[in-house]
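Close look at the chain arrangement
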Amino acid sequence: MGLGDAVDGRVFHVKLPGQDAMARRAEEHIVPTRVMLPRRVMDRPLRQVAKRLAMAMMVLVATVLIVYLDRSEYHDNADGSVDFLDAVYYATVTLSTTGYGDIVPYGDGARLMNVLLVTPLRVLFLIILVGTTLEVLTERTREDFRLNRWRSNLREHTVVVGFGTKGRSAIQTLCSTGLKKEQIVVVDPASKVIEAANAEGFVGVLGDATRSDVLLRAELQKARQIIIATQRDDTAVLVALTARQLNRGAKIVAAVREEENAPLLRQSGADAVITSASAAGRLLGLSVLSPSAGTVMEDLIQQGSGLDLIERPVIKAEVGKNVREVEDLVVSVLRGHRLLGYDDPAASPVQLTDRLITIVRASPSNLQAGLPQGNGRR
């Protein structure tokens, strides 16, 4: 779809507000695509080396004590007896698998101790010494295992395209309502942005979200909802088209800068379109006319604190009641595909299949359960 397309006989033009990191990088070069899982907290390299050296010294000390305590059953070809220095020497050459053979265990007890204790300590010592090499060799296998397990367990998740100001704010709202970080996948073409998402505990997919293979890596075909928070409106349109093609049933919510681009984005498959510039302008105008009203509106759109605007199902005790008789403060009633205002005569009585848009006192546990709060009225 180009910048100007005909939909239902009408021609829509996408207005380009400026350069966007996602589109610019896609035009300059092909962005490498890969999934980046949140990394576990690792110690600093010097601390890791110090820990391994300390473990190696503990193994060496344990071996020296075993040999020294059982020194009567060891034979030194030089003088026939084994002292503490000989025990240290024997432990060192044994753990390093050098084994000159000048000091040997000749008693049955010493040989049994070598089989049961010294040999396992030797293996442990070698593992500690080559631990860095083994870690490098197994890192890829471990990452592949984590990635395969993540793919198999991921269901009904949320894909967020763009981790800028809008994307971060959307994620914060979702998390404040009880959504786990493991159920959110961030898609962005900038590696530093994905690293920032990983640092906050989110899975990231590095790549251009207008490409279907990138969205498939984010398991978008199994997602429940998709948030498009790009900086350019034409990028948002292409992402919406690709996402809707891959997942017909997911809820797609997108943000645009210019209000004139909202109809094209809806035609591209978005269920809801938020005009960021117009919304901010309206909030500014409302705050000028009434600072208190602006504060209330800002509080309503910040989930998890103060007053929250939520959508919930009707409970059996509310069936048949007037909208004003519901315990929560009802703003609108969603009946099928119709959105009825609280003052609409058709909104009452409340039906079991309705969904209520209510203002409630913030409570994450109740929001997650979808239960009425009872604190919305003054």
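Structure first, text after, so check above.
Just so it is clear, the model here is predicted, and its values are computed rather than measured.

1. Some thoughts on the packing of aromatic side chains
This structure, assessed with the given rule, holds three aromatic pairs. For the pair Tyr 74 and Tyr 90, a centre-to-centre distance of 5.2 Å together with 65° between the ring planes defines the contact as edge-to-face. Of this pair, Tyr 74 sits in strand β4 (residues 74-76) while Tyr 90 sits in helix α3 (residues 84-95); the two residues are 16 residues apart in sequence, bridging distant segments of the chain. Among the residues examined, Tyr 74 registers a relative accessible area of 2% and is labelled buried. Considering the side-chain rings of Phe 163 and Phe 202, the 6.2 Å spacing of their centres and the 65° angle between planes classify their relative orientation as edge-to-face. Here Phe 163, found in the loop between β6 (158-161) and α6 (165-176), pairs with Phe 202, found in the loop between α7 (191-199) and β8 (203-206); they are 39 residues apart in sequence, far enough to count as distant. Phe 202 shares its class with Phe 163; the two are buried. When the ring centre of Tyr 68 is taken as origin, the NZ or CZ atom of Arg 71, which lies over that ring, is 4.2 Å away. Here the basic side chain of Lys 181 rests over the ring of Phe 202, its NZ or CZ set 5.5 Å away from the ring centre.

2. Notes on the nonpolar core
Core analysis: the biggest nonpolar cluster contains 32 residues, and Val 187, Ile 228 and Leu 265 have the highest contact counts within it. When residues of this core are assigned to their parent elements, the largest contribution, five residues, is made by helix α9 (residues 233-246). Dropping the residues within four chain positions of it, Val 187 is found in contact with Val 159, Val 160, Val 161, Gly 162, Ile 194, Val 205, Gly 207, Ala 209, Val 214 and Ala 218. Membership of the second largest hydrophobic core comes to 13 residues, among which are Ala 170, Val 186, Ile 194 and Ile 227.

What counts, and where the lines are drawn
Residues numbered from 1 in each chain as written. Predicted model: local features only at pLDDT ≥ 70, side-chain atom pairs only at ≥ 80, totals over all residues. Heavy atoms only, no water. Phe/Tyr/Trp six-rings, centres within 6.5 Å; stacked < 30°, edge-to-face > 60°. Helix = DSSP H or I, 4+ residues; strand = E, 2+ residues; numbered from the N terminus. Buried < 20%, exposed > 50% of the residue type's maximum accessible area, 1.4 Å probe, protein only. Lys NZ or Arg CZ within 6 Å of the ring centre and 35° of its normal. Core = buried A, V, L, I, M, F, W, Y, C linked by side-chain atoms within 4.5 Å. Contact = heavy atoms within 4.5 Å.

These results come straight from atomic positions and should not be treated as a statement about function.
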